[in-house]
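Read off the chains here:
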Amino acid sequence: MTETQLLIGSLSNDLFRVASLTQRGSTKAALKFLQEAKRWSVPLQKQDVAEYIIKIAQDVSACNPNDDISMADAERYLMNGVLLQNYVLHAH
């Protein structure tokens, strides 16, 4: 597994957790995983990947971990997690 695949896969997993925890009402835990997702999104922005992957990473990096996560945000994170997962599985 390459460093890029590790970054994308880890970000995807954390975004899935954020979406799932938000849906269950565990916003405090979701915010923790969102903070972890930022850890992967920052170095991912420097990788040679498709532009939409960079935009997802920038979106995660720009979020404020002090704000509550809305259901719309959770759905966006879920969708982005799927896009990231598909990229790792099918792009190489």
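The structure this text deals with has already been given above.
Reference entry: report on the structure contained in this document. (Residues numbered from 1 in each chain as written. Predicted model: local features only at pLDDT ≥ 70, side-chain atom pairs only at ≥ 80, totals over all residues. Heavy atoms only, no water.)

**Digging into the nonpolar core**
Alright, step 1. Of all hydrophobic cores here, the largest spans 24 residues; its most connected members are I8, L11, L15 and Y77.
Alright, step 2. Those elements that place two or more of their residues in this core are α1 (3-23), α2 (27-44), α3 (51-62) and α4 (71-90). (Core = buried A, V, L, I, M, F, W, Y, C linked by side-chain atoms within 4.5 Å. Buried < 20%, exposed > 50% of the residue type's maximum accessible area, 1.4 Å probe, protein only. Helix = DSSP H or I, 4+ residues; strand = E, 2+ residues; numbered from the N terminus.)

**Looking at the pattern of salt bridges**
Alright, step 1. Evaluated as defined, the whole model comprises four salt bridges.
Alright, step 2. Between R17 and D14 there is a salt bridge, with the nearest N and O atoms lying 3.1 Å from each other. One end of the pair is R17 and the other is D14, both in helix α1 and three residues apart, which spans about a single turn.
Alright, step 3. Given a relative accessible area of 6%, D14 falls into the buried group.
Alright, step 4. A salt bridge links R76 to D73, with the shortest nitrogen-to-oxygen separation between them at 3.0 Å. Separated by three residues within a single helix, R76 and D73 lie in helix α4, roughly one turn from each other.
Alright, step 5. We classify R76 as partly exposed; its relative accessible area is 29%.
Alright, step 6. Given the relative accessible area of 22%, D73 is considered partly exposed.
Alright, step 7. One network of salt bridges, with partners in common, ties together D59, D73 and R76. (Salt bridge = Lys/Arg side-chain N within 4 Å of Asp/Glu carboxyl O.)

**What about α1?**
Alright, step 1. For α1, built from 21 residues, the straight-helix expectation of 30 Å at 1.5 Å per residue is met to within 8% by its first-to-last C-alpha distance of 30 Å.
Alright, step 2. Directly after α1, the chain includes G25, whose backbone phi takes a positive value near 90°. (Expected span 1.5 Å × (residues − 1).)

**Structural notes on the packing of aromatic side chains**
Alright, step 1. Inspection of the entire model under this criterion finds one aromatic pair.
Alright, step 2. Look at Y52 and Y87: their rings are 6.1 Å apart centre to centre, the planes differ by 85°, and that puts the pair in the edge-to-face class. Remark: Y87 occurs in helix α4 and Y52 occurs in helix α3; sequence separation between them is 35 residues.
Alright, step 3. In this structure Y87 comes out as buried when scored by relative accessible area, which is 11%. (Phe/Tyr/Trp six-rings, centres within 6.5 Å; stacked < 30°, edge-to-face > 60°.)

**Structural notes on the packing of α2 against α3**
Alright, step 1. The interhelical angle for the contact between α2 and α3, taken along N-to-C directions, is 135°, at an axis separation of 8 Å. Relative to α3, α2 is oriented oblique. Between α2 and α3 lies a crossing whose hand is left-handed. Between α2, through L34, A37, K38, S41, V42 and L44, and α3, the contact on the second element is made entirely by I53, I54, A57, V60 and S61.
Alright, step 2. Taken together, the residues that form the contact of α2 with α3 break down as eight nonpolar, two polar and one charged. (Axes fitted to C-alpha atoms, helices over the stretch in contact; angles between N-to-C directions. Parallel < 35°, antiparallel > 145°, perpendicular 65-115°, else oblique. Left-handed = near helix turned anticlockwise from the far one by under 90°. Contact = heavy atoms within 4.5 Å. Nonpolar A, V, L, I, M, F, W, Y, C, P; charged D, E, K, R; others polar.)

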